[in-house]
Protein chains: 2
Amino acid sequence: MRIALAQLNLTVGDLEGNAALIAQAYDDAAALGADLVAFPELAVCGYPPEDLLLKRAFVARCAETLEKLAARTGSTVAVIGYPEPDASSATGGRPYNAAAVCRDGRVEVVYRKQLLPNYAVFDEERYFAKGSSLPLFDAGGVTIGPSVCEDIWSDDGPPVRAAGAGAEVIVNINASPYYRGRQSEREQMLAGRARQIGRPIAYVNLVGGQDELVFDGGSVLVDATGTVVARAAQFAPELLVVDLAGSAPTPTVPLDDDAEVYEALVLGTRDYVRKNGFEDVIIGLSGGIDSALVAAVAADALGPERVTGVLMPSRYSSEGSVRDAEALVTNLGIRSMTVPIDPAHRAFADMLGEHFTGIAEENTQARIRGTTLMALSNRHGSLVLTTGNKSEYAMGYTTLYGDMAGGYGVIKDVFKTRVYRLATWRNVRDGALAIPLAIIDKPPSAELRPGQLDTDSLPPYEELDPVLEAYVERRRSITEMEAEGFDPALVRRVVRAVDANEYKRRQAPPGVRVSPLAFGKDRRLPITNRWSG
Amino acid sequence: MRIALAQLNLTVGDLEGNAALIAQAYDDAAALGADLVAFPELAVCGYPPEDLLLKRAFVARCAETLEKLAARTGSTVAVIGYPEPDASSATGGRPYNAAAVCRDGRVEVVYRKQLLPNYAVFDEERYFAKGSSLPLFDAGGVTIGPSVCEDIWSDDGPPVRAAGAGAEVIVNINASPYYRGRQSEREQMLAGRARQIGRPIAYVNLVGGQDELVFDGGSVLVDATGTVVARAAQFAPELLVVDLAGSAPTPTVPLDDDAEVYEALVLGTRDYVRKNGFEDVIIGLSGGIDSALVAAVAADALGPERVTGVLMPSRYSSEGSVRDAEALVTNLGIRSMTVPIDPAHRAFADMLGEHFTGIAEENTQARIRGTTLMALSNRHGSLVLTTGNKSEYAMGYTTLYGDMAGGYGVIKDVFKTRVYRLATWRNVRDGALAIPLAIIDKPPSAELRPGQLDTDSLPPYEELDPVLEAYVERRRSITEMEAEGFDPALVRRVVRAVDANEYKRRQAPPGVRVSPLAFGKDRRLPITNRWSG
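What you are looking at is a predicted structure, and each value in this text was computed from that prediction instead of being measured.

**Section: the overall build of chain A**
The helix and strand inventory of chain A stands at 18 helices and 19 strands. Taking 24 Å as the expected radius of gyration for a compact globule of 533 residues, we find that chain A reaches 25 Å, a close match to that expectation. With the principal axes as the frame, chain A shows a C-alpha extent of 80 × 50 × 45 Å. Taken over 533 residues, chain A has a buried fraction of 63%. A sequence separation of at least 24 residues applies to 73% of the contacts in chain A between residues at least 6 apart. In the form shown here, chain A has an accessible surface area of approximately 17,800 Å², with 51% of it arising from carbon and sulfur atoms. Charged side chains in chain A number 55 positive and 70 negative. The centres of these two groups are separated by 3 Å.

**Things to note about the interface of chain B and chain A**
Tallying the contact residues gives 83 residues for chain B and 83 residues for chain A. Interface area for chain B against chain A, summed over the two sides, is near 6,900 Å², with a carbon-plus-sulfur share of 57%. When the area that chain B buries against chain A is broken down by residue, the three leading residues are Thr528(B), Arg530(B) and Trp531(B), summing to 12%. Counting across the chain B and chain A interface gives eight salt bridges. Its salt-bridge partner being Arg56(A), residue Glu480(B) comes within 3.2 Å of it at the nearest N-O pair. At the boundary of chain B and chain A, one finds 38 residue pairs in polar contact (both at pLDDT 80 or more). Those elements giving two or more residues to the side of chain B that touches chain A turn out to be helix H2 (56–71), helix H3 (124–127), helix H6 (257–275), helix H9 (342–352) and helix H10 (358–380) of chain B. Among the elements that line the side of chain B that touches chain A, the one with the most residues is H10(B), at 14 residues.

**Things to note about helix H5 (residues 182–197) of chain B**
Residue and element names in this part refer to chain B. Compared with the 22 Å implied by 1.5 Å per residue over 16 residues, the 23 Å span of H5 between its first and last C-alpha is a close match. Listed in full, the buried residues belonging to H5 are Arg182, Gln183, Arg186, Glu187, Met189, Leu190, Ala191, Arg193, Ala194 and Ile197. Just downstream of H5, glycine 198 is the residue with a positive phi angle, here 65°.

**Digging into the relation of the copies chain B and chain A**
Placing chain B over chain A gives an RMSD of 0.0 Å and needs a rotation angle of 180°, together with 0.0 Å of translation along the axis. Those values place the two copies in the arrangement expected of a two-fold rotation axis. Among all residues of chain B, the one whose C-alpha sits closest to the rotation axis is Gln507(B), at a distance of 2.1 Å. Taken together, the interface assignments show that 100% of the residues at the interface of chain B recur at the interface of chain A, consistent with an identical surface on both copies.

**Considering the side chain of Arg186(B)**
Residue and element names in this part refer to chain B. Looking at the secondary structure, you find arginine 186 in helix H5. A relative accessible area of 1% places arginine 186 in the buried class. Separated by 2.9 Å, the side chains of arginine 186 and serine 176 make a polar contact. A polar side-chain atom of arginine 186 sits 3.4 Å from the main-chain carbonyl oxygen of proline 177. Ignoring sequence-local partners within four residues, the contact set of arginine 186 consists of Trp153, Ser176, Pro177, Tyr178, Tyr203, Asn205, Asp216 and Gly217.

**Some details on H9(B)**
Residues and elements named next belong to chain B. Listed in full, the buried residues belonging to H9 are Ala344, His345, Ala347, Phe348, Met351 and Leu352. Here the buried residues of H9 occupy an arc of 165° about the axis, which is enough to place them on one side. Two residues or fewer past H9, glycine 353 is found with a positive phi of approximately 50°.

**So, the pairing of strand S13 (residues 228–231) of chain A**
On a regular strand, one side chain projects to one face of the sheet and the next to the other, so that they alternate. All names here are of chain A. Alignment of strand S12 (residues 220–222) against S13, held across three bridges, turns out to be antiparallel. Of the residues in S13, the one forming a bridge with leucine 221 is alanine 230. In sequence, S12 turns back onto S13 through a hairpin of five residues, with glycine 226 there showing a positive phi of about 90°.

**Structural notes on the pattern of salt bridges**
Residues and elements named next belong to chain B. Across all of its chains, the model carries 86 salt bridges over all chains by this definition. Taking the shortest distance from any N to any O, the salt bridge between lysine 521 and glutamate 50 comes out at 3.3 Å. Note that lysine 521 is positioned in the segment after helix H17 (502–506) and glutamate 50 in the loop between strand S2 (36–38) and H2, a separation of 471 residues in sequence. In this structure glutamate 50 comes out as buried when scored by relative accessible area, which is 9%. Arginine 426 is paired through a salt bridge with aspartate 430; the nearest N and O atoms lie 3.1 Å apart. Of this pair, arginine 426 and aspartate 430 are both found in helix H12 (residues 416–430), four residues apart, which corresponds to roughly one turn of the helix.

**A closer look at the packing of aromatic side chains**
Residue and element names in this part refer to chain A. Applying the stated rule across the entire model yields 13 aromatic pairs over all chains. Aromatic side chains tyrosine 178 and phenylalanine 235 sit 5.3 Å apart centroid to centroid with 75° between the ring planes, which places their arrangement in the edge-to-face category. You can see tyrosine 178 sitting in the loop between strand S8 (169–173) and helix H5 (182–197) and its partner phenylalanine 235 sitting in the loop between S13 and strand S14 (238–243), a full 57 residues away along the chain. The class for tyrosine 178 is buried, based on a relative accessible area of 1%. Between arginine 112 and the ring centre of tyrosine 96, over which it is positioned, the NZ or CZ distance is 4.3 Å. Sitting over the ring of phenylalanine 519, lysine 390 keeps its end group 5.7 Å from the ring centre.

**Considerations on the nonpolar core**
One broad trend across soluble globular proteins is that nonpolar side chains are buried collectively. In this structure, Phe348(A) and Phe348(B) are the most contacted members of the largest nonpolar core, which totals 92 residues. Those residues in contact with Phe348(B) that sit more than four places away from it in its chain are Ala344(A), Phe348(A), Ile368(A), Thr371(A), Thr372(A), Gly353(B), Phe356(B), Thr364(B) and Ile368(B).

**Looking at the sheet that holds strand S19 (residues 408–409) of chain B**
Residue and element names in this part refer to chain B. The sheet built from five strands is open, its strands ordered S17-S16-S15-S18-S19 with parallel pairing. Lying at the two open borders of the sheet, with one neighbouring strand each, are strand S17 (335–338) and S19. Relative to S19, strand S18 (residues 383–386) runs parallel, the two sharing two bridges. Its bridge partner lying in S19, threonine 386 is registered against glycine 409. Against the sheet, helix H7 (residues 289–302) touches strand S15 (281–285), strand S16 (307–311) and S18, its axis set at about 160° to S15.

**Focus on the sheet that holds strand S2 (residues 36–38) of chain A**
Within a beta sheet, neighbouring strands are joined by backbone hydrogen bonds and run either parallel or antiparallel to one another. Residues and elements named next belong to chain A. The strand order S5-S4-S3-S2-S1-S14 describes an open sheet built from six strands, whose pairing is mixed. Pairing within the sheet leaves two strands with one partner each, and these edge strands are strand S5 (106–112) and S14. Sheet twist, expressed as the average angle between the axes of neighbouring strands with direction ignored, equals 25°. As paired strands, strand S1 (residues 2–7) and S14 are joined by six bridges and run antiparallel to one another. Note that in S14 the partner of alanine 4 across the bridge is valine 241. Most of the contacts of helix H2 (residues 56–71) go to strand S3 (residues 77–84), to which it runs at about 170°, and overall it touches S3, strand S4 (96–103) and S5.

**Comments concerning unusual backbone geometry**
Residue Pro48(A) is reached from Tyr47(A) by a cis peptide bond, and omega for that bond is -10°. With respect to the helices, strands and loops of the structure, Pro48(A) is situated in the loop between S2 and H2. Positive phi, close to 50°, is recorded for Arg475(A), a residue that is not glycine. Within the fold, Arg475(A) resides in the loop between helix H15 (461–473) and helix H16 (478–483). On the basis of relative accessibility, which here comes to 27%, the residue Arg475(A) falls in the partly exposed class. Its identity as a non-glycine residue notwithstanding, Glu447(B) has a phi of 50°, on the positive side.

**What to know about the packing of helix H9 (residues 342–352) of chain A against H10(B)**
A pair of packed helices can be characterised by two numbers: the angle between their axes and the separation between those axes. Closest axis-to-axis distance for the H9(A)/H10(B) pair is 11 Å, and the angle between their directions is 55°. As far as their axial angle goes, H10(B) and H9(A) are oblique. As for the relative orientation of H9(A) and H10(B), their crossing is right-handed in sense. Listed contacts from H10(B) to Phe348(A), Met351(A) and Leu352(A) of H9(A) are Ile368(B), Thr371(B), Thr372(B), Ala375(B) and Leu376(B).

**Quick look at the environment of Gly140(A)**
Residue and element names in this part refer to chain A. By secondary structure assignment, the location of glycine 140 is in the loop between strand S6 (137–139) and strand S7 (142–148). Overall, the relative accessible area of 45% leaves glycine 140 in the partly exposed class. Apart from the residues within four sequence positions on either side, glycine 140 is in contact with Met1 and Asp35.

**Observations concerning the packing of helix H6 (residues 257–275) of chain A against helix H12 (residues 416–430) of chain A**
Residue and element names in this part refer to chain A. Where H6 meets H12, the axes come as close as 10 Å, and the angle between the chain directions of the two elements is 95°. One element, H6, and the other, H12, form an angle in the roughly perpendicular class. Taking contact as the criterion, the partners of Asp257, Asp258, Ala259, Val261, Tyr262, Glu263 and Leu265 in H6 are, on H12, Arg418, Arg421, Leu422, Trp425, Arg426 and Arg429. Its residues assigned to classes, the contact of H6 with H12 shows six nonpolar, no polar and seven charged.

Reading guide: rules and limits
Residues numbered from 1 in each chain as written. Chains lettered and ligands numbered in written order. Predicted model: local features only at pLDDT ≥ 70, side-chain atom pairs only at ≥ 80, totals over all residues. Heavy atoms only, no water. Helix = DSSP H or I, 4+ residues; strand = E, 2+ residues; numbered from the N terminus. Rg over C-alpha atoms; globule rule 2.2 N^0.38 Å. Buried < 20%, exposed > 50% of the residue type's maximum accessible area, 1.4 Å probe, protein only. Contact = heavy atoms within 4.5 Å. Areas by Shrake-Rupley, 256 points an atom, 1.4 Å probe, with all protein chains shown as cover. Lys, Arg positive; Asp, Glu negative; His and termini not counted. Charge placed at Lys NZ, Arg CZ, Asp CG, Glu CD. Buried area = accessible area lost by both parts, 1.4 Å probe. Salt bridge = Lys/Arg side-chain N within 4 Å of Asp/Glu carboxyl O. Polar contact = N/O pair within 3.5 Å; in protein donor to acceptor, adjacent residues only side chain to side chain. Expected span 1.5 Å × (residues − 1). Least-squares fit on C-alpha atoms with pLDDT ≥ 70 in both. Arc of directions from axis to C-beta. Pairing = 2+ DSSP bridges. Phe/Tyr/Trp six-rings, centres within 6.5 Å; stacked < 30°, edge-to-face > 60°. Lys NZ or Arg CZ within 6 Å of the ring centre and 35° of its normal. Core = buried A, V, L, I, M, F, W, Y, C linked by side-chain atoms within 4.5 Å. Axes fitted to C-alpha atoms, helices over the stretch in contact; angles between N-to-C directions. Parallel < 35°, antiparallel > 145°, perpendicular 65-115°, else oblique. Left-handed = near helix turned anticlockwise from the far one by under 90°. Nonpolar A, V, L, I, M, F, W, Y, C, P; charged D, E, K, R; others polar.

The structure is reproduced here in structure tokens:
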């Protein structure tokens, strides 16, 4: 039996565009002699459609689109994810998260997702009714058990029961978002499940960026012994075609940790820009490491000719910063312009008089830069990429409407220590110092007052980031962090700052999620809140 | 039997403060001879605690706090809402949304909420395990059936079954957020339920603001015939004490529509400011109706001496606007200062040269004002209140980091036509023209270029707002709106604008929800989205 996994880059709400990609992949798979081709979860509408699913007209159009796709199928079976409308009172009008099995011009049977994730970034109980039946079907003489995403993660879930009921191969269609190390977690789970049930599993995943989420692809076929016999690309579309019984070529090696994160940033940025109809981006270049990494990611995502770095030196900018930013522009081959901010700095000093001191003066400089970038964005239709990292967002070491102004936060889920690692990784990748060593080596500074250093306001990042990782990404309590050996004073300082700055993060632009717990839909904390810890 | 409903203003995360309020109300109710006193849903931790519930240390501390409260009870029964920890694998570690029945120093029995809302602003399936048991208890010789919020809304829910099992009175503890007309919906439902089961219902609600939500109180006792025999204040705390068998005084009359909305804005603003530790607020005063209404609400919420209006005239401000803003300041008795923005306007023109035209120039003026307000906020620790209304937010007729800059959006869920009604209502309430008629009468303008009017960019508000109400608040499709008789061209124009501006709203500050469907947790649409309609 020949099986095809259509790992496509689909777009939320683009029913026609998605249908065209699905039809093309179907035709390719059929031409390659596939008995079955599987498409991602909710392929017809993209994932996650969120409250679009509360619009009856939207769900109805998805069903029509699915019917049209079914109508053009031949003997190759297509398993296509879509929201299946159900007007019965049992579902409260909610659709099912369904996999339609299509062949010979019609929908043969529909499988309905049974395990609905309602944690982390997922809200599927808000949208879907739960399925209960376990339809099997035949493809190429083999009995197939279809399932959707979460279903496969439980050790007594639908695929386990399908195997018990006679399924010889499990097909599992997914929209599984990326975070660091996720591919390895998935493959480990799939290997265990395959061994548990003694059946091969064909796992197809979505690929592409959608607001905060990046779907990383990495579709796999796992045999009954738990061995990965074929693996599709990570972070790129692919039609993976495998013979179930044949001897497969050695699968590609998965990306390492830094490569994975970097590719996620590139794909997330590219898709946010393109799917939202932008042609190019602008980035404020300070001469520091954060904006340098963002510029490198943007150049890789869009091509350097679509990236403009804007240098906005002030009276407090060091000569080195300007020089380093200029070297970066040259090395990356991006466009640039320079807008010194002193005229506006002086104007606000005049306007605000005695009120213009301390943090007010510092933040105003960041806001002059934000306003400058936004004016250029408004004039030329370019998207502003913001450059704040996760350590800064966590601690509130960032200016609302200043450096937080922009449409997409490329590295907002990347801790500062990893920003350094990724910059070095990018240089090593190309065997060139595109990001100048001076940028990597100098002590970080916001340069909003003479001689300012990040360490004036923050613990050193090597000490800070592990505490943030424990508190934010692993949800550890103060007591638990102390038990892990972190300095109690440092823990309290960090927890206080993270908790106090929820209001800032609420007004941040979206950005690529690369961690198991990002600021965004993953982490829903009240602003008004007297609990800390 | 004497029953007390403790309609308290509690604060999320403030376990000690909430416990003190609960203990005080308990003592007062006991002193007044109550047999039972009921507190709101999750009274111990405030509502909604959101992802605080995922912190084990938080839930454990809530349970300890509840135990302490139980320990100080005497013969008066206390029904207290709190998250009840459950470490068993059946709940996946999730707590129950529980009502503890406390008497004589201990927790006698615990009722666990069975119907968990997971729609609109609610995510209770994310946090709670579902209860199943139906414990009854005795108070003052009467058998009581406890229940929590959503449980009472179903016509075969736990209170219906409790009545069948012998409950003579239903106690229902709530954290039910306000929207226009919600009190009347609740009372209608309660009247129907009481008649259905032939039992009185004691309904206690939370009061106070929490980020986007305002809990409006309005606790009621409904007798077995469905008549409201006692009603607590709306938008203010109250300990309502009623004799179940006695002849009650005529209950207070509920507020009318405009009064309700205005009081919600006042309470939401006051609690956001105070619970987040601010003393005073600043507001940009343009001389227009939106900032005038916001200033009036703020003066009512905090006292005029805690409100500063900042006039920031530009080269395009009319003389009338400045005069009207000054009259408003005098009438409300608030503080004011004037910061002309022309120096910064000229500076940005110099800095940006040929790029400084059209929408770039217009938005820059709004951002200069935002930056000015934020500098004053940073210098003096005042919270900036934003003045955008729902019609503007819907259509994107607002500037990111400009007039959207600030901590709280007082009228972000109020359509422009209602802004006018509320301004007039406020004047009539005091029998004085605190909001000058000139402000109410002049055609709305952003004054970002000579002679600009809102109607240059938007349909007239009287035509626009009904379409927005249909599309946003009633989730009507294009087809449905056309069937309701709206102009098809207008419908398409509005839908396009609303859909295209999701990215702006994502970076808006929170604000008071007064409608059945506000921009915020209520409405979760993707930014990257090619579906419109």
